[in-house]
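The residues making up each chain are set out below.
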Amino acid sequence: MFKPHVTVACLVQAQGKLLVVEERVAGRVTWNQPAGHLEADETLQEAALRELYEETGIHAELHYFLGVQQWIAPDNTPFVRFLFGVDLPAPCVTTPLDSDIDCCWWLTPEQILTSDQLRSPLVAESVRLWQQGVRYPLQLVAPFNWPFHKGAHTVTP
């Protein structure tokens, strides 16, 4: 049975700078947006906020939805990635809680787009989507009759 990996990511921007997390993958330093897998008992929005907090230490709210990216990795792993946007007033200090994250960087879009350290092509594609200026309401991916109630992370349509 076909089961793609469902992931979430946050494109976080502050004063034109974008936040990336640095991690080692197979011994190679890579950059990614704060991102990770959807867990069974959480909504897409809850997963995005959890990953943002775990990988950066930032508590924030999601502001908009940027889109869905479907991709097959070089090892033939299929991914469906839900990309959310967070606008902060200024770059802030980060404190990664996830031991897989070495540090975080506030970079210009150009620094990301020209880097050879991107974890996947979805990182650059996310920046390009953000640069296009299209912002979708979070209600576009709101849960329906969601049985779990976590309170603080629930986005009300």
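Looking at an unreviewed UniProt entry, the protein carries the name NUDIX hydrolase, with the source organism given as Pantoea eucrina. What UniProt records for the protein under Cofactor (unreviewed entry) is the sentence "Mg(2+)". Taken verbatim from the UniProt record of the protein, the Sequence similarities (unreviewed entry) comment is "Belongs to the Nudix hydrolase family."

Before we go on, may I ask you to explain the packing of aromatic side chains in this structure?
The relative placement of two aromatic rings is captured by the distance of their centres and the angle of their planes. Summed over the entire model, instances satisfying the criterion amount to three aromatic pairs. Taken together, the aromatic side chains of Phe-65, Phe-82 and Phe-84 make up a single cluster linked through ring pairs.

Even after reading the chapter, I still don't get the UniProt feature "domain: Nudix hydrolase" (unreviewed entry) in the protein, so can you show me in this structure?
Mapped onto this structure's residue numbering, the UniProt feature "domain: Nudix hydrolase" (unreviewed entry) falls at residues 3–129. With 21% helix and 43% strand, residues 3–129 has end C-alpha atoms that lie 26 Å from one another.

Looking at this model, I keep getting lost on helix H1 (residues 44–56). Mind explaining?
Along an α-helix, residues three or four apart share an orientation, since each turn contains 3.6 residues. Between its first and last C-alpha atoms H1 spans 18 Å; for 13 residues at 1.5 Å apiece the expected length is 18 Å, and the two agree. Within H1, 11 of the 13 residues are buried, leaving the element largely enclosed by the surrounding structure. Those residues of H1 not exposed but buried are Leu-44, Gln-45, Glu-46, Ala-47, Ala-48, Leu-49, Arg-50, Glu-51, Leu-52, Glu-55 and Thr-56. Tucked inside the fold, the buried residues of H1 contact strand S1 (5–14), strand S2 (17–25), strand S4 (35–37), strand S6 (78–88) and strand S7 (101–107). Directly beyond the C-terminal end of H1, a positive phi value near 80° is found at Gly-57.

It is not clear to me how the state of the cysteines should be interpreted in this structure. Could you clarify?
Applying the stated criterion across every chain, the model contains zero disulfides. Summary of cysteine pairing: Cys-10 is not part of a disulfide, and the nearest cysteine sulfur, belonging to Cys-104, is at 12 Å. Unpaired in terms of disulfides, Cys-104 finds its nearest cysteine sulfur in Cys-103, a separation of 6.7 Å.

Teacher, can you tell me more about the environment of Gln-111 here?
Looking at the secondary structure, you find Gln-111 in helix H2 (residues 109–113). Assessed through its relative accessible area of 37%, Gln-111 is described here as partly exposed.

What is the right way to read the nonpolar core from this model?
Within soluble globular proteins, side chains that are nonpolar tend to cluster in buried spots. With 24 residues, the main nonpolar core has Val-8, Val-12, Leu-62, Phe-82, Phe-84 and Leu-88 as its most contacted residues. Every element with two or more residues in this core is listed here: S1, S2, H1, S6 and S7. Every residue in contact with Phe-82, bar those within four places of it in the chain, is listed here: Val-6, Thr-7, Val-8, Ala-9, Leu-44, Phe-65, Gly-67, Val-68 and Val-141. In this structure, Leu-18, Val-20, Ile-112 and Leu-118 belong to the second largest nonpolar core, which totals 17 residues.

What is the right way to look at the pattern of salt bridges in this model?
Oppositely charged side chains can form a pair if their charged atoms are brought close together. With the rule as written, the count across this model stands at six salt bridges. The closest approach of N and O atoms between Glu-51 and Arg-50, which form a salt bridge, is 2.9 Å. Judged by relative accessible area, Arg-50 falls into the buried class, the value being 15%. Each of Glu-39, Glu-42, Arg-50, Glu-51 and Glu-54 takes part in one network of salt bridges that share partners.

What is the right way to look at the layout of surface pockets in this model?
Once rolled over the atoms, a probe with the size of a water molecule shows which space is left empty. Empty space within the largest pocket amounts to approximately 520 Å³. Listed by contribution, the elements that provide at least two residues to the lining of the largest pocket are S2, strand S3 (28–32), S4, H1 and S6. Of the residues that constitute the lining of the largest pocket, the class distribution is eight nonpolar, six polar and nine charged.

How each quantity is defined
- Residues numbered from 1 in each chain as written.
- Predicted model: local features only at pLDDT ≥ 70, side-chain atom pairs only at ≥ 80, totals over all residues.
- Heavy atoms only, no water.
- UniProt positions renumbered as here; feature names shortened; annotations may be inferred.
- Phe/Tyr/Trp six-rings, centres within 6.5 Å; stacked < 30°, edge-to-face > 60°.
- Helix = DSSP H or I, 4+ residues; strand = E, 2+ residues; numbered from the N terminus.
- Expected span 1.5 Å × (residues − 1).
- Buried < 20%, exposed > 50% of the residue type's maximum accessible area, 1.4 Å probe, protein only.
- Contact = heavy atoms within 4.5 Å.
- Disulfide = S-S within 2.5 Å.
- Core = buried A, V, L, I, M, F, W, Y, C linked by side-chain atoms within 4.5 Å.
- Salt bridge = Lys/Arg side-chain N within 4 Å of Asp/Glu carboxyl O.
- 1 Å grid on protein atoms, 1.4 Å probe; cavity = no way out; pocket = protein on both sides within 12 Å on 5 of 7 lines; lining within 4 Å.
- Points joined across faces, edges and corners; volume = space filled by probe spheres on them.
- Nonpolar A, V, L, I, M, F, W, Y, C, P; charged D, E, K, R; others polar.

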